[in-house]
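In case you want the letters, here they are:
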Amino acid sequence: MNEPLLAPRNARTHIVVGVALGAVALTVLLIGRIEVSAFFAALCVVAYVDLRRLLAPIGHPLTFVLGIAGTLGLLWCGYSGRLELMPSIAAALVLVLLVTRTLLNEAGVRVGAGITADLASTVASVAIVGALGAHVLLIRAIPRVGFKALLMFGLAVFLNDVTAFFFGRLRGRRRLAPNISASKTWEGAIAGLIVSVVVGSVAGIVLDPPFDVLSGLALGAGVGVLTPVGDLAFSAIKRSAGVKDSGSYFGPLGGALDILDGLLFVAPAFYWALRTIVL
């Protein structure tokens, strides 16, 4: 049996919250690189907190804070365009975490999570949010074209999500991955793909240079295919933790991780495709 349509009130709430967040994101993007980077970094820190709580019980506050520092360190690599520093920062984080947990264990400090769970969940959260998120800032850091590239990327992902959600609720019949997410449908995914391709095509016309119609089509199609895959990947993590959303502080949109999952997943592919196809 198909799921019932969204109640009008819930649909309006989705639209209002989504438009408000989109307006804030677009505003800081237009203001400048520092502002949009700071805004995105703040969302990533909250997304790290969301993901860390999903993967395992919160460990010692010190390792938790070290994870935030590691996330910010990886994001700084993206902001500065120093991608080559990411392995060094990741290795330093792992070493500091190992030493910290060893000392805490030797001192007999009681921690909510075991050493393995604490270290693994912290490193995994930093890797997912920090490393993937760094590629969003890498897109913005590209000289002369970063603003246009990030604008096209953000619109393609955002409009894909919105279209897939509402079209899937209104016209969806066939579930895309029923064991992971009952709300995602093939009809919604196809509609989202079409919208992403349209965004890419418009970018190829309006944002020329650096884009042209062919590169815009290719990048838009890539975003359209990968965005629902990213949604499903993060949905699988949430389902394994027994929750539907990573939080509730953004109302019906969930938490920061729910908002950023598509951007985080698609960003590395978009960045390297952009460097290969366009630049």
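In case you missed it, the structure is sitting above this.
Throughout what follows, the structure given in this document is the object of discussion. (Residues numbered from 1 in each chain as written. Predicted model: local features only at pLDDT ≥ 70, side-chain atom pairs only at ≥ 80, totals over all residues. Heavy atoms only, no water.)

### A look at the packing of aromatic side chains
A full pass over the atoms with the stated rule returns five aromatic pairs. Centroid distance Y48 to F64: 5.7 Å. Interplanar angle 40 degrees. Geometry classified as tilted. Of this pair, Y48 sits in helix α2 (residues 33-55) while F64 sits in helix α3 (residues 61-80), and the two are 16 residues apart along the sequence. The class for Y48 is buried, based on a relative accessible area of 0%. (Phe/Tyr/Trp six-rings, centres within 6.5 Å; stacked < 30°, edge-to-face > 60°. Helix = DSSP H or I, 4+ residues; strand = E, 2+ residues; numbered from the N terminus. Buried < 20%, exposed > 50% of the residue type's maximum accessible area, 1.4 Å probe, protein only.)

### Quick notes on the pattern of salt bridges
Using the criterion set out here, one finds six salt bridges in the structure. Among the ionic pairs, R82 bridges to E84, the shortest N-O distance being 2.6 Å. Across the pair D245 and K244 runs a salt bridge whose closest N-O atoms are separated by 4.0 Å. The network of salt bridges with common partners includes R52, R101 and D118. (Salt bridge = Lys/Arg side-chain N within 4 Å of Asp/Glu carboxyl O.)

### Some remarks on the side chain of S196
Locating S196 in the fold gives a position in helix α7 (residues 186-206). Polar contacts involving the side chain of S196 include one to the main-chain carbonyl oxygen of A156, which spans 3.1 Å. (Polar contact = N/O pair within 3.5 Å; in protein donor to acceptor, adjacent residues only side chain to side chain.)

### A closer look at the pairing of strand β2 (residues 181-185)
Relative to β2, strand β1 (residues 175-177) runs antiparallel, the two being bridged by two bridges. Of the residues in β2, the one forming a bridge with A177 is S181. The hairpin formed by β1 and β2 contains three residues between the paired strands. (Pairing = 2+ DSSP bridges.)

### Details of a nonpolar patch on the surface
A surface patch of nonpolar side chains, amounting to about 960 Å² of accessible area, comprises W186, I190, I194, V198, V202, I205, V206, V213, L214 and L217. Counting residues per element, the ones that place at least two in the nonpolar patch are α7 and α8 (213-240). For the nonpolar patch, the leading source of residues is α7, giving seven residues. For V198, the location among the structural elements is in helix α7. (Patch = residues over 30% accessible without salt bridge, like charges linked within 9 Å, V, L, I, M, F, W, Y side chains within 5 Å. Areas by Shrake-Rupley, 256 points an atom, 1.4 Å probe, with all protein chains shown as cover.)

### Side note on the packing of helix α5 (residues 115-141) against helix α9 (residues 256-278)
Packed helices, taken two at a time, are described by the angle their axes make and the gap between the axes. Two elements in contact, α5 and α9, have axes separated by 8 Å at closest approach and are oriented at 50 degrees. The angle between the axes of α5 and α9 places the two elements in the oblique class. Of the two possible hands of crossing, α5 and α9 adopt the one that is left-handed. Mapping the contact onto sequence places V129, L132, G133, H135, V136, L138 and I139 in α5 and L263, L264, F265, A267, P268, F270, Y271 and W272 in α9. Looking at the contact of α5 with α9 residue by residue, the classes come out as 13 nonpolar, two polar and no charged. (Axes fitted to C-alpha atoms, helices over the stretch in contact; angles between N-to-C directions. Parallel < 35°, antiparallel > 145°, perpendicular 65-115°, else oblique. Left-handed = near helix turned anticlockwise from the far one by under 90°. Contact = heavy atoms within 4.5 Å. Nonpolar A, V, L, I, M, F, W, Y, C, P; charged D, E, K, R; others polar.)

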